[in-house]
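Each chain, written out:
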Amino acid sequence: MDNLFTGIEDRGLEYVGASRIEGPLVVVENVRDVGFDEVVEIRDPAGNTRLGRVLDVSGTHTVVQVLEGTTGLATKFLRTRFLGESFRLPVSRRMLGRVFDGLGRPADGGPPPLSADRRDVNGMPINPFARRYPREFIQTGLSAIDGMNALVRGQKLPVFSGNGLPHDRVSAQIIRQARLLDEQVEFSIVFAAMGIKHDVAEFFIRNFRESGALARAVMIFSLADAPSVERLLTPRVALTLAEHLAFDCGQHVLILLTDMTNYCESLREVGTARGEIPGRKGYPGYLYSDLASLYERAGRIEGSPGSITQMAILTMPADDISHPVPDLTGYITEGQIVLDRDLFQRGIYPPIAGLPSLSRLMKDGVGKGFTREDHPILASQLFACYAYVKRVRGLADVIGEEELSPLDKQYLKFGEAFEMEFLNQGEYENRSIETTLELGWDALSVLPQEELHRVSDELLKKHYRMKRDTGEAACAV
Amino acid sequence: MATVKSDGRPFATRISGPIITAKGMSAAQMYEVVQVGSLGLVGEVVRVIGDLATIQVYEDTTMLKPGAHVECTGAPLSVSLGPGLLGNIYDGIQRPLPGIEAKSGAWIRRGEKVDALDSEKKWTFEPLVNAGDDVAGGQIIGQVAETPLVMHRIMVPPDISGTIRSIAAKGEYSLAEPVAVVETGSGPQDIMMMQRWPVRVPRPIRERLRIAEPLITGQRIIDTFFPIGKGGAAAIPGGFGTGKTITQHQLAKWSDAQIIVFIGCGERGNEMTEVLREFPELEDPRSGRPLMERTILIANTSNMPVAAREVSIYTGITLAEYYRDMGLSVAVFADSTSRWAEALRELAARLEEMPAEEGFPASLPTRLAQFYERGGAVTTLAGDRGSVSIVGAVSPPGGDFSEPVTQHTRRFIRCFWALDTGLANARHYPSIHWLQSYSEYSEDVKNWWETAACDWEDLRTEALTLLQREERLQQIVKLVGPDVLPDSQKLILFIAEVIKDGFLAQSAFDTNDAYCSPEKQVALLRIMLGLYHRGRDLIQDGVPLGMVRGMECVSDILRAKSALSNKELDRLADIDRRLNEEADRIAQQYVKGTSCYG
Ligand SMILES: Nc1ncnc2c1ncn2[C@@H]1O[C@H](COP(=O)(O)OP(=O)(O)O)[C@@H](O)[C@H]1O
Ligand SMILES: [Mg+2]
């Protein structure tokens, strides 16, 4: 496979020997004419090549990060060749339907994609002036998302999960069901797997096959047994391809990045090997900027019909949302879908947490002219009432349910209805936005009208279910 | 050494991300701007040792090699100041993003060079001095209507003074043409409508003034409870999703500053796009003109180079000072100062500086202080009153306010709007926590408010006290349930809910409620406290709380903020009247009722 990947003919000098090998890093001395971030080909004693890139370069020392691991490398026999450019990926729409490894090389036995168009995988920052603000509502068929945390085309909305929670099933369902209300456009799918297990990858492939999406999906796998440093390039390879499909070919791309926690661990590994001053929990201080350089590669661009909608999945270590990985992610992405262990244990699917989940772009993609006029207010009122339910439950734990006021008891009933009827649904149940909104009003109507402060009289008249307004609920505390 | 240069020009010896080392730099000045390599990547000298200089590069250094030439420019990083800034959007080093797009398309290519201001465009200059007049630095010599909203004063640069030898007549001039010649001690000096100023140096003023006037933001919890003065400094810390950006957008839209500088520092691209899309369409509530006519945007988003993020804050504040010098009130929003601090940390780490707390350089507090100190109410060199108010978002890791950036920021601001994750999760927005926030400006602005509403101070004190008492009562409720409380205390819980829902919560997306006029703020709070007073009296007379809660006007009071526009104060008065009638009726009935059965 000599250089097929980068498409460069052998050139440049080959250097023999390294002064140091440490973790994923190799230091080579007295190398000439090498650029920062240049791609390096390393030949190991067995004659196999591994790819690396330059992290630091001076006249005397060149620090190379070996993407495919340093196992088996020896300082004396190490051969390095500098390829004269930064990491590039040949891109073409014919890559749809194919499987690649974490560095973008074919992994399905097929030929490498032939393309003269080779892109730097680091991409370039999108000019904010050239962005188009995303606003088209994507119906996922999941009430918890559509009703309360709506996704729009071009948004970056990650899933914060925990070990053992059904993030894979939820995201597979989203991919299966995602569609626009008034347009029949299929999403192309770019799926980048970082450090996940084979059976998880299998699960997704099976899902894509069943839903007929396989032909318009690209899979980029750096699975759990692949060298961990390779993962640093995997999302970049995936995003580079996604950008080509979206902004050159005009496709609507849904990109799934999983699991970002594994990606961040690889970054930490490299940082530690370089002896960098660690930040929180040992992650490098530049974790935020590094993650931003990935997550910001989503959205829409003025004058281009395509879009990149990004879903990153990450597992929160110990379910801790303040851990640096979810924390910094939440600071960059346009909201987050948080999975909740308590809901999961109570058998509610999808276990999407009512309160900490958020879609920042929902406000511009729902309501009159987008979904339905009552949508924003309904969502806001559901959030407010559900927050109150949480408070009442806390109180009930202390004083006992019997001691609650009649109104508070009514709130508990609303909580049940909301979780069991609205949040809860089947893995193959694809709800229309109308169904979702009606279910929302059904739940709210468990409460007396007067409690719905955020809803105008007019909307109440239209949507509040009178028959369920029991006189009892309205009575005073 | 692998690379030996013989032509004597400075060249790079080491490249490590945004930090490079160059040799042959003994003549370089600290903070001098340099251009590196064949693309002419812009950088700034941040350290000189012997003939080695360390340079932070504002653009991506991929494939830059040792041996690349380094070109010194002889000047520190400076911005261009003149008509044409308003309505524009710049990156961290003042390159106009529309101009970059015209050259390199949707993606920002490195090495792109575009002038900050259009030097060909003609502006109508109107002279305000005559030949023979003596002028000093900062003095106004003419004006240009930069936008229908803003009269741009043309000032003598701060470091020039002398006698006007000639001044242009009213007419059309470009920024490159001199509009005046000043005879100075060292010969004649051309004055253009554009001047340059180094970003890291505060522009001079005559003196600092006491803050006396509030910056009216139209946000109730801010204006009424935790006001910021014109020239004041506020911090708005909060975890992700708590509302830092939306609150700052709200302030940028509705506050009564004459100029807005919004710095998107290491945050999302779409948020800047949103401002660009929205502001031209929104009307200033006072003048009716599009908001973009008074706004300058600096966008150095999270995926743009980190060194330029560091400098974007200074670029923004320098533009603000320039407009302040014209005698205008300017408000600067920095979203987020934490990303700026992190840029400092990242660069310091690459420079192998000794880290202090959590990896931040030991200079962090000094840098924060220097930034916030560039705000203030001042007498300008020209003798006018101008101000720069600063609102800085802080993004503490994990939402934990004990971290260094939040803690140090607190020392240099006097207004703290603490965002609360619990409130945000419950979709109570703005999620500014009424018990954890404070403002030291409330005393300064009291007089201003009391000329309009003599009971302002009483209203806010009483409301805040009620909220504090509610917090204490909630502690009891959490332990033993609400039943043990007497009705008089349950009333406090009820009124606190009314204040939270009907007054403190304010949706940025509600047409009527996004901006709440000071008059409406006072009127709303007055009604709610009126409800409290009447309720208290009724309960004292033995009326059960249920009857107070059940009053018909309650839901009108709760919905008034969004049901009534700022112009419908008469309808608020109406609600107030009905409240009193209803309370009178209950009192009468109840007294009658009790006498009947009693
Ligand atoms: N005043 C407000 N009114 C309505 N919604 C708000 C308000 N403030 C915040 N929000 C909601 O909270 C979300 C997050 O706010 P944002 O300002 O982006 O948070 P931060 O900048 O702190 O991460 C917004 O997308 C919006 O839905
Ligand atoms: Mg923000």
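Residues numbered from 1 in each chain as written. Chains lettered and ligands numbered in written order. Predicted model: local features only at pLDDT ≥ 70, side-chain atom pairs only at ≥ 80, totals over all residues. Heavy atoms only, no water.

## Brief notes about the overall build of chain B
Scanning chain B for helices and strands turns up 16 helices and 26 strands. Considered along the principal axes of its C-alpha atoms, chain B spans approximately 110 × 60 × 40 Å. Counting over 598 residues, chain B shows a buried share of 61%. Taking the contacts inside chain B whose residues are at least 6 apart along the sequence as the reference set, 70% of them involve residues at least 24 apart. Of the charged side chains in chain B, 63 are positive and 77 negative; the average position of the first set lies 3 Å away from that of the second. (Helix = DSSP H or I, 4+ residues; strand = E, 2+ residues; numbered from the N terminus. Buried < 20%, exposed > 50% of the residue type's maximum accessible area, 1.4 Å probe, protein only. Contact = heavy atoms within 4.5 Å. Lys, Arg positive; Asp, Glu negative; His and termini not counted. Charge placed at Lys NZ, Arg CZ, Asp CG, Glu CD.)

## Focus: the sheet that holds strand β16 (residues 187-192) of chain B
All names here are of chain B. The strand order across the open sheet built from four strands is β10-β13-β15-β16, with neighbouring strands paired in antiparallel fashion. Each edge of the open sheet is held by one strand with a lone partner, namely β10 (134-135) and β16. With four bridges joining them, strand β13 (residues 162-167) and strand β15 (residues 178-184) adopt antiparallel strand pairing. Residue pairing for β15: Ile-164 is matched across the bridge by Val-182. (Pairing = 2+ DSSP bridges.)

## Considerations on the pattern of salt bridges
Pairing between side chains becomes possible if they bear opposite charge and their charged atoms approach one another. Overall, the coordinates contain 76 salt bridges over all chains when judged by the stated rule. Where Arg81(A) meets Glu14(A), a salt bridge forms, and the shortest distance between an N and an O atom there is 3.3 Å. Taken together, the positions of Arg81(A) in strand β7 (residues 79-86) and Glu14(A) in strand β1 (residues 14-16) put the pair 67 residues apart, joining distant regions of the chain. Among the residues examined, Arg81(A) registers a relative accessible area of 11% and is labelled buried. Lys230(B) serves as the salt-bridge partner of Glu213(B), at 2.6 Å between the closest nitrogen and oxygen. Of the two residues, Glu213(B) is situated in the loop between β18 (207-209) and α2 (220-225) and Lys230(B) in the loop between α2 and β19 (233-237); the sequence distance between them amounts to 17 residues. (Salt bridge = Lys/Arg side-chain N within 4 Å of Asp/Glu carboxyl O.)

## A closer look at the interface of chain B and chain A
How big an interface is tends to be stated in terms of the accessible area lost upon association of its parts. Opposite the 79 residues of chain B that make contact, chain A presents 82 residues. Taken over both partners, the interface formed by chain B and chain A buries close to 6500 Å², and the fraction arising from carbon and sulfur atoms is 56%. Looking only at chain B, the three residues that lose the most surface to chain A are Trp107(B), Phe240(B) and Arg427(B), adding up to 14% of its buried area. Across the contact surface, chain B and chain A share six salt bridges. (Buried area = accessible area lost by both parts, 1.4 Å probe.)

## Things to note about the site of ligand 1
Around ligand 1 sit 14 residues in total, of which Arg360(A), Gly241(B), Lys244(B), Thr245(B) and Ile246(B) are the nearest. More than one chain lines the surroundings of ligand 1; the residues nearby belong to chains A and B. In the model, an oxygen atom of ligand 1 is placed 2.7 Å from a nitrogen or oxygen of the Thr245(B) side chain. Taking 560 Å² as the accessible area of ligand 1 by itself, protein coverage stands at 93%. Across the shell around ligand 1, the residue classes tally to five nonpolar, seven polar and two charged. Counting contributing residues per domain, the shell around ligand 1 is built from domain 3 (207-442) and domain 4 (456-592) of chain B, each supplying no fewer than three. (Near = heavy atom within 4 Å. Polar contact = N/O pair within 3.5 Å; in protein donor to acceptor, adjacent residues only side chain to side chain. Areas by Shrake-Rupley, 256 points an atom, 1.4 Å probe, with all protein chains shown as cover. Nonpolar A, V, L, I, M, F, W, Y, C, P; charged D, E, K, R; others polar. Domains from an automatic or database assignment.)

## Topic: the nonpolar core
Note that soluble globular proteins tend to have their nonpolar side chains buried in a common cluster. Of all hydrophobic cores here, the largest spans 253 residues; its most connected members are Phe414(A), Phe225(B), Tyr323(B) and Trp417(B). The element that contributes the greatest number of residues to this core is helix α10 (residues 375-399) of chain A, accounting for 12 residues. The residues contacting Phe225(B), other than those within four sequence positions of it, are Arg220(B), Arg460(B), Ala463(B), Leu464(B), Leu467(B), Phe503(B), Leu504(B) and Leu525(B). (Core = buried A, V, L, I, M, F, W, Y, C linked by side-chain atoms within 4.5 Å.)

## A short note on the environment of Ile160(B)
Residues and elements named next belong to chain B. Relative to the elements of secondary structure, Ile-160 occurs in the loop between β12 (150-155) and β13. Sequence spacing of Ile-160 and Ile-495 is 335 residues, and the spatial spacing of their C-alpha atoms is 61 Å. Excluding residues within four positions of it along the chain, Ile-160 makes contact with Ala-136, Gly-137, Val-182, Thr-184, Gln-189 and Ile-191.

## Concerning the domain arrangement of chain A
Split into domains, chain A comes out as domain 1 (2-85), domain 2 (90-365) and domain 3 (375-463). A straight line from the C-alpha centre of domain 1 of chain A to that of domain 3 of chain A covers 60 Å.

## Structural notes on the side chain of Glu243(A)
Take Glu243(A): it is sitting in helix α4 (residues 234-248). Apart from the residues lying within four places of it in its own chain, the contact partners of Glu243(A) are Asp248(A), Arg297(A), Ile308(A) and Trp107(B).

## Overview of the sheet that holds strand β21 (residues 335-338) of chain A
Residues and elements named next belong to chain A. Pairing is mixed across the open sheet formed by eight strands, whose spatial order is β9-β17-β16-β18-β20-β14-β21-β22. Of all the strands in the sheet, just β9 (99-101) and β22 (358-359) have a single pairing partner and so form its edges. Across three bridges, strand β14 (residues 159-161) lies against strand β20 (residues 307-315) in parallel orientation. Pairing of Val-159 across the sheet is with Ile-313, part of β20. Helix-sheet contacts for helix α5 (residues 260-273) involve β16 (188-194), β18 (252-258) and β20, and the interaxial angle to β20 is about 75°. (Axes fitted to C-alpha atoms, helices over the stretch in contact; angles between N-to-C directions.)

## What to know about helix α10 (residues 442-452) of chain B
All names here are of chain B. Among the residues making up α10, those that are buried are Ser-442, Asp-444, Val-445 and Trp-449. Relative to the axis of α10, the buried residues are bounded by an arc of 140° and lie together on one face. Across α10 from its buried face, at more than 90 degrees, point the exposed residues Glu-443, Asn-447 and Thr-451. Looking at the buried positions of α10, the neighbouring elements they touch are α2, β26 (438-439), α11 (456-480) and α13 (518-540). (Arc of directions from axis to C-beta.)

## Thoughts on unusual backbone geometry
The linkage connecting Tyr349(A) with the following residue, Pro350(A), adopts the cis geometry, with an omega of -10°. Within the secondary structure layout, Pro350(A) lies in the loop between α8 (341-345) and β22. Residue Ser336(B) follows Asp335(B) across a cis peptide bond; omega there is 10°. As for its placement among the helices and strands, Ser336(B) is situated in the loop between β22 (329-335) and α6 (337-350). Positive phi outside glycine occurs at Tyr31(B), with the angle close to 65°. Within the secondary structure layout, Tyr31(B) lies in the loop between β2 (19-23) and β3 (32-36). Backbone geometry at Met63(B) places phi at a positive 65°, although glycine is not the residue there. In this structure, Met63(B) sits in the loop between β5 (52-57) and β6 (70-76).

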